[in-house]
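Secondary and tertiary structure notes
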Amino acid sequence: MSVPSLKKTVSDKDTEQKLAAQMPDFAAMHALSKLSPIIVRKAHAIISHLLIKPGSNIAVIGQKNAPLAFALSVINPRMRYTAFDLDARHVKQGTEKYRRSNLRFEKSHIAKSGLSENSYDAVICVDFLHQIYSGATYNKQVVEDTIAEHMRALKEGGIYILYDIASPPEDEFVLLELKDDPNKNTQNSDQPEAMSDAERLIWFSANARPLHPQSARGFYMEELSPRFPGTRLFRLSSKWAYEFILRKDMKGTWSTHLNREYTFYTDIEYRRQLRRENARLLYRAPQWNSRRIKDCFEGRFKLYDENSHPMGFPPTGYICVSEKSNPRAAARIKERRQTGQSQN
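Next up on the list: the packing of aromatic side chains. For any pair of aromatic rings, the description rests on two quantities: the centre-to-centre distance and the angle between the ring planes. One pass over the full model with this rule turns up 19 aromatic pairs. Centre to centre, the rings of Phe-204 and Trp-254 are 5.5 Å apart; their planes meet at 80 degrees, and the pair counts as edge-to-face. On the criterion of sequence distance, the pair formed by Phe-204 in helix H7 (residues 197-207) and Trp-254 in the loop between helix H8 (238-247) and helix H9 (267-276) is long-range, its members being 50 residues apart. By way of ring pairs, the aromatic residues Tyr-133, Tyr-138, Phe-264, Tyr-265, Tyr-270 and Tyr-318 are connected into one cluster. The ring centre of Phe-173 lies 4.3 Å from the NZ or CZ of Arg-235, which sits over that ring. When the ring centre of Trp-240 is taken as reference, the NZ or CZ atom of Lys-239 above it lies at 5.1 Å.

This part takes up the nonpolar core. Residues Ile-58 and Leu-72 are the most contacted members of the largest nonpolar core, which totals 34 residues. Not counting the four nearest positions on each side in its chain, Ile-58 is found in contact with Leu-50, Ile-52, Met-79, Arg-80, Tyr-81, Thr-82, Tyr-120, Ala-122 and Ile-124. Cys-125, Phe-128, Leu-129 and Val-143 belong to the second-largest nonpolar core, a separate cluster that totals 27 residues.

All right, on to H9 then. In an α-helix, one turn spans 3.6 residues; hence positions three or four apart end up facing the same way. Those residues of H9 not exposed but buried are Asp-267, Tyr-270, Gln-273 and Leu-274. Seen along its axis, H9 keeps its buried residues to an arc of 135 degrees; they face one direction. Residues Arg-275 and Arg-276 are exposed on H9 and point more than 90 degrees away from its buried face. Where H9 ends, the next residue or the one after it, Asn-278, has phi of about 60 degrees, a positive value.

A few words now on the sheet that holds strand E10 (residues 301-304). The strands that make up a sheet are held in pairs by hydrogen bonds between backbone atoms, and each pair lies either parallel or antiparallel. Here 5 strands make up an open sheet; going across it, the order is E7-E8-E6-E10-E11 and the pairing antiparallel. Sheet topology places strand E7 (221-224) and strand E11 (310-311) at the edges, where each strand pairs with a single neighbour. Relative to strand E8 (residues 231-237), E7 is paired through 4 bridges, and the arrangement is antiparallel. The residue of E8 that forms the bridge with Glu-222 is Arg-235. Sitting on the sheet, H8 touches strand E6 (173-179), E8 and E10, and the angle it makes with E8 is about 125 degrees.

Rules used in this analysis
Residues numbered from 1 in each chain as written. Predicted model: local features only at pLDDT ≥ 70, side-chain atom pairs only at ≥ 80, totals over all residues. Heavy atoms only, no water. Phe/Tyr/Trp six-rings, centres within 6.5 Å; stacked < 30°, edge-to-face > 60°. Helix = DSSP H or I, 4+ residues; strand = E, 2+ residues; numbered from the N terminus. Lys NZ or Arg CZ within 6 Å of the ring centre and 35° of its normal. Core = buried A, V, L, I, M, F, W, Y, C linked by side-chain atoms within 4.5 Å. Buried < 20%, exposed > 50% of the residue type's maximum accessible area, 1.4 Å probe, protein only. Contact = heavy atoms within 4.5 Å. Arc of directions from axis to C-beta. Pairing = 2+ DSSP bridges. Axes fitted to C-alpha atoms, helices over the stretch in contact; angles between N-to-C directions.

Limitation: the analysis is restricted to geometry and does not speak to function.
This is how it looks when you write it as structure tokens:
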């Protein structure tokens, strides 16, 4: 039996160097596994629509968006990402915690000319528009100006991805059935976290939209006779039922997030605004994050139309993909398919 030549064997030093070169990816994947599954699934949904060439510059817009930006940079490492935030503390935290060669964090007033013109191959705006809409006392003009700013930052042919919430029609009514929990303390009207879901909904109906004048706060709702023992049934607009469902399981943030209104634009309004900015719509659809549905929706409530017909779970998000281009120019459609594999 011949002894292998030492010249042909890989030294321990070479092996260590190769392993060290791979460690950043292993470390990133490990860090990715520690993120919320909801954030990781959202990142996968966004990346699946980002069909642009490797090396492209991508702006990620949002508040407290460091974990999502990190997930994007790991899932598709061939792109270069810049995550913008209004708060310098969040920028500092992201820079220190999520170190990636293809990811950096910057402070910018991203709603007011904070991005350089014609600089990005893609702009991803995640869960941000509803925040600036609410912060501006529920003013849609601020949202329109922000979308225009994002489109201005895109290169010609660049991709704009909106991931937020689309509102159902406010004049449609639904029935929302919640479990009754008489053991919950219903006397602490200033602590909605301590209430049952039914009592919290009643409290929410009187306190929603706190930035509006007193006469414009809250929304119309009525309680009906329950269909089953141990439940309570409410009739309210589909918009406000959706608002309650989206925030129902947020622990410890009911008071601090009360001023937010998630559902301010319908799908039609999103599309109309993008057309005003010469954006060509490529794709839009509601999104259902299966992890959030399992954790927050299943077994927690039931929705019915006004004829008491069961309805499915509402979407957990909305994605809209558009391209910055002349809407009257010719369109080039790309399609990706799996190639057939030869069978042995």
